[in-house]
Amino acid sequence: MLLKITCMMDTYCEDCFLKKHFRKEKGKNFAHSFCINQCTVGQEIRDTGKQLNVENPQS
């Protein structure tokens, strides 16, 4: 699953125009929030991360 997340980020997020634009115009926090909450790739990464957390819960 970590490889899946890494591949998605390398493929879609690395050179993302919206990420760069929002980071420049509205700041790092806004860009990060947009990526996680509104971008379909970010949502899939978040959902995959949740699956990782369920499979390997920390006590």
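Parameters at a glance
Residues numbered from 1 in each chain as written. Predicted model: local features only at pLDDT ≥ 70, side-chain atom pairs only at ≥ 80, totals over all residues. Heavy atoms only, no water. Helix = DSSP H or I, 4+ residues; strand = E, 2+ residues; numbered from the N terminus. Buried < 20%, exposed > 50% of the residue type's maximum accessible area, 1.4 Å probe, protein only. Contact = heavy atoms within 4.5 Å. Axes fitted to C-alpha atoms, helices over the stretch in contact; angles between N-to-C directions. Left-handed = near helix turned anticlockwise from the far one by under 90°. Nonpolar A, V, L, I, M, F, W, Y, C, P; charged D, E, K, R; others polar. pLDDT = per-residue confidence, 0-100.

1. Points about the side chain of threonine 48
Step number 1: Examined against the element boundaries, threonine 48 turns out to sit in helix H4 (residues 40-55).
Step number 2: For threonine 48, a relative accessible area of 3% puts it in the buried group.
Step number 3: When neighbours within four sequence positions are excluded, threonine 48 is seen to be in contact with Met1, Lys4, Ile5 and Met8.

2. Side note on the packing of helix H2 (residues 17-26) against helix H3 (residues 28-37)
Step number 1: In contact at an axis separation of 7 Å, H2 and H3 are set at 145° when each is read in the N-to-C sense. Where H2 crosses over H3, the two elements pack in a sense that is right-handed. Along the contact surface, H2 presents Leu18, Lys19, Phe22, Arg23 and Lys26, while H3 presents Lys28, Phe30, Ala31, Phe34 and Cys35.
Step number 2: Its residues assigned to classes, the contact of H2 with H3 shows 6 nonpolar, no polar and 4 charged.

3. Section: the confidence of the model for the protein chain
Step number 1: Averaged over every residue, the pLDDT of the protein chain is 92; residues scoring 70 or more account for 97%.
Step number 2: For the protein chain, the element scoring lowest by mean pLDDT is H4, at 90; H2 scores highest, at 96.

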